[in-house]
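One-letter residues, chain by chain:
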Amino acid sequence: MDRFASVIEQTRPRDRPASVRFDLRATPSKGYGFYALHAIERGTLIIDESPLVAVPPGINDASYLLGALKKLTQEQLTTFHNLHFDDNEASAGEDDKAISIFALNNVEMGSEQTHGRAVFAKYSRLNHSCLPNIDNSYSASTGKLTAHAIRHIESGEELTTSYINLVQPAEQRALELRQWGFECSCSVCGSRDVAASNKRRQRMCSIREAFDIMVDHDDETVDPDAVPITPSERSTWAAELAKLCKEEGLVGRDLEHA
Ligand SMILES: [Zn+2]
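Here the structure is a predicted model, which is why all the values come from computation and not from measurement.

How do you make sense of the overall build of the protein chain when you look at a structure like this?
Assigned secondary structure in the protein chain consists of 8 helices and 10 strands. Looking at the protein chain as a whole, 28% of its 258 residues are labelled buried. The long-range fraction of contacts in the protein chain, counting pairs at least 24 apart against all pairs at least 6 apart in sequence, stands at 67%.

Quick look at the structure:
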């Protein structure tokens, strides 16, 4: 395990199945979202569900999605059609609306879409935050997506996930988020301290890249100023990364998508 993975492992939430209650409410600026009905402890299992509709890796043909939708029950289809879509796309017709819903609500099944992409009845409802409180993992053996609290969640707090790589400054995050058609107004992007956050996330990004370089190259081929070479330097950089994660409020699995 490299040092970056070890930092993540130390903060990985533990499975603790529980009955968690949350409801769907209108948000101030993002349509609808899920809100916790009670305080939720970090590590708590919040969502455990099978895909509503899934598209295997390598399939880019819309006819596959439209065919899969025909196999849904009426109730499942209603759930699917109640998800967010692009009004401009949807005005072209029902098929275009379905394609827009899939495009805006799909979730990777496994890292690098190993098992394709799917829309989920609950998880796809979660709005984005650059300081999310939920993250997911997909199990190919059960065919289910599970989502856990990655921090303590207050009663009444919105449940949020991240759609993007969080370890980058606000400007880059905003560019990535454009594909979902919104401007992020989360507690980080809307904060007066966004400049300090940007500085921390830029440095985290540099450290992450440096560790990637260490994995991908021999020591002789890299710029000694750009990466930690000695075990002592690597330890110092890993400690700095852990400190920045803590200061920024990002924990464990937020960073695995970086
Ligand atoms: Zn944000």
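How should I be thinking about the sheet that holds strand E3 (residues 45–49) in this particular structure?
Within a sheet, neighbouring strands are paired by backbone hydrogen bonds and run either parallel or antiparallel to one another. In space, the 3 strands of this open sheet follow the order E3-E9-E8, with antiparallel pairing throughout. Unpaired on one side and paired on the other, E3 and strand E8 (134–139) mark the two borders of the sheet. For this sheet, the mean inter-axis angle between neighbouring strands, taken without regard to orientation, is 20°. In the sheet, E8 pairs with strand E9 (residues 144–149) via 6 bridges, with the strands oriented antiparallel.

Quick question: what am I supposed to make of the sheet that holds strand E5 (residues 107–108) here?
Pairing is antiparallel in the open sheet, where 3 strands are placed in the order E4-E6-E5. Two strands bound the open sheet, and with one partner strand each, they are strand E4 (53–55) and E5. Pairing analysis gives 2 bridges linking E5 to strand E6 (residues 117–119), with the strands arranged antiparallel. Note that in E6 the partner of glutamate 108 across the bridge is arginine 117.

Sorry if this is basic, but what is going on with the packing of helix H2 (residues 62–70) against helix H5 (residues 94–105) here?
Geometrically, a packed helix pair is captured by the angle between its two axes and the distance between the axes. H5 packs onto H2 with a crossing angle of 100° between their chain directions and a minimal axis gap of 10 Å. Comparing their axes, H5 and H2 come out roughly perpendicular. In contact with Ala62, Leu65, Leu66 and Leu69 of H2, H5 contributes Asp95, Ala98, Ile99 and Phe102. Among the residues making up the contact of H2 with H5, the classes are represented as 7 nonpolar, no polar and 1 charged.

How should the environment of isoleucine 153 be read in this particular structure?
Note that isoleucine 153 resides in the loop between E9 and strand E10 (160–161). When the C-alpha positions of isoleucine 153 and isoleucine 40 are compared, they lie 5.0 Å apart, and in sequence the two are 113 residues distant. Contact partners of isoleucine 153, with chain neighbours within four places excluded, come to Ala36, Ala39, Ile40, Asn133 and Leu159.

Would you explain the pairing of strand E2 (residues 32–36) in this entry?
Within a regular beta strand, the side chains point alternately toward one face of the sheet and then the other, so they alternate between its two faces. Summarising the sheet, strand E1 (residues 22–26) and E2 pair through 5 bridges and their orientation is antiparallel. Among the inter-strand pairings, arginine 25 is bridged to a residue of E2, identified as glycine 33. Between E1 and E2, which pair antiparallel one after the other, the connecting turn spans 5 residues, and glycine 31 there sits at a positive phi close to 70°.

What is the right way to look at the environment of glutamate 49 in this model?
On the secondary structure map, glutamate 49 appears in strand E3. Assessed through the 16 C-beta atoms surrounding it within 10 Å, glutamate 49 is described here as partly exposed. Note: C-alpha distance between glutamate 49 and lysine 144 (95 residues apart in sequence) is 5.3 Å. Residues in contact with glutamate 49, not counting those within four places in the same chain, are Phe120, Ala121, Lys122, Tyr123, Lys144 and Leu145.

Conventions adopted
Residues numbered from 1 in each chain as written. Predicted model: local features only at pLDDT ≥ 70, side-chain atom pairs only at ≥ 80, totals over all residues. Helix = DSSP H or I, 4+ residues; strand = E, 2+ residues; numbered from the N terminus. Buried ≥ 20, exposed ≤ 12 C-beta atoms within 10 Å, placed from the backbone. Contact = placed C-beta atoms within 7 Å. Pairing = 2+ DSSP bridges. Axes fitted to C-alpha atoms, helices over the stretch in contact; angles between N-to-C directions. Parallel < 35°, antiparallel > 145°, perpendicular 65-115°, else oblique. Nonpolar A, V, L, I, M, F, W, Y, C, P; charged D, E, K, R; others polar.

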